[in-house]
Amino acid sequence: METVSENKSFDGVQGVYTHASEVCGCDMTFGLFLPEDAKSGPVPLLWYLSGLTCTHENAMTKAAAQQWCAEQGIAIAFPDTSPRGEGIADDEAYDLGKGAGFYVDATENPWAPNFKMWSYIADELPSLLGRNFELDMDRQSITGHSMGGHGALTIAMAHPDRFASVSAFAPIANPTASDWGKKQLGAYLGEDKGQWAKHDASLQMKEVGFDGPVLIDQGASDNFLDLLRPEALAHAMMARRQEGLFRMQKGYDHSYFFISSFMEDHVTFHAEALYT
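Owing to the predicted nature of the structure, the values given are computational and were not obtained by experimental measurement.

Basis of the calculations
- Residues numbered from 1 in each chain as written.
- Predicted model: local features only at pLDDT ≥ 70, side-chain atom pairs only at ≥ 80, totals over all residues.
- Heavy atoms only, no water.
- Buried < 20%, exposed > 50% of the residue type's maximum accessible area, 1.4 Å probe, protein only.
- Helix = DSSP H or I, 4+ residues; strand = E, 2+ residues; numbered from the N terminus.
- Pairing = 2+ DSSP bridges.
- Salt bridge = Lys/Arg side-chain N within 4 Å of Asp/Glu carboxyl O.

Trainee: Account for the pairing of strand 5 (residues 75–79), with residues named and values stated.
Mentor: Among the five residues that make up strand 5, five are buried, leaving the element largely enclosed by the rest of the structure. Side chains of strand 5 alternate between two faces, with Ala75, Ala77 and Pro79 and Ile76 and Phe78 buried alike. Where strand 3 (residues 26–34) and strand 5 come together, four bridges link them in antiparallel fashion. For phenylalanine 30, the partnering residue across the bridge sits in strand 5 and is proline 79. Where strand 4 (residues 43–49) meets strand 5, three bridges bridge the pair, whose relative direction is parallel. In the strand pairing of strand 5, leucine 46 is matched with isoleucine 76.

Trainee: Account for the pattern of salt bridges, naming residues and giving values.
Mentor: Inspection of the entire model under this criterion finds seven salt bridges. Taking the shortest distance from any N to any O, the salt bridge between aspartate 11 and lysine 8 comes out at 3.9 Å. Taking relative accessible area as the criterion, lysine 8 reaches 69% and is therefore assigned exposed. A salt bridge links glutamate 231 to arginine 229; the shortest N-O distance between them is 3.9 Å. On the basis of relative accessible area, arginine 229 is assigned to the partly exposed category, the value being 25%. Shared partners join several salt bridges into a network, and the residues in it are Asp217, Arg247 and Asp265.

Here it is as structure tokens:
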């Protein structure tokens, strides 16, 4: 692992690091904010998974998370959204290939050799972070935006013993029934729709739910509502009697202005679960 940069932020350190990923078969970059509390011992970890076209940097610089994480004594990790580099498969469309890993382990060519973002986020990167930083890996929570909200929800429901809480900003909630999902799941996983189900938050909410609190914020003026299908997730949460809160935020869109407006709420929500 190599340090790209480290900057003081709210008395903590915002770092950017690269490492050779065995899972993705390329160098990967991630951001990690450590609060001042980490100088005294391991701190809880919040994961932030980003959306389409993003790198590790977008949320790190725009989501306004560091201040609230510093106040709560929580670290926050900002992974990349896909493998990158020469020889990595890509597509001309913004919603497939680099910047659009969709948090799945691809089984179809040309994506299968490198697009293993499920295993990268669920297994490889947590192991790396736990070995190299003052993090309490027994206290983790996860959040994300759009494609990252989809990833956060599905990964959390697949690992119920790992995450104390899960939240999402405008998640792609029902990808098996949306053009933000059918295209990507078909490309990465093939045409067997039975393989798609574990990557659909609404289907997984109906099937297994989450053993902990859930917070969803969705902008009511989001111009991608037809692609996100938040109503499917809301219905699934109600049908499951899931512990949680689903909020439609009047006037808000899909941007980082929306995310930063409610980031304090989300960090506080996770802190309550992590410190319980």
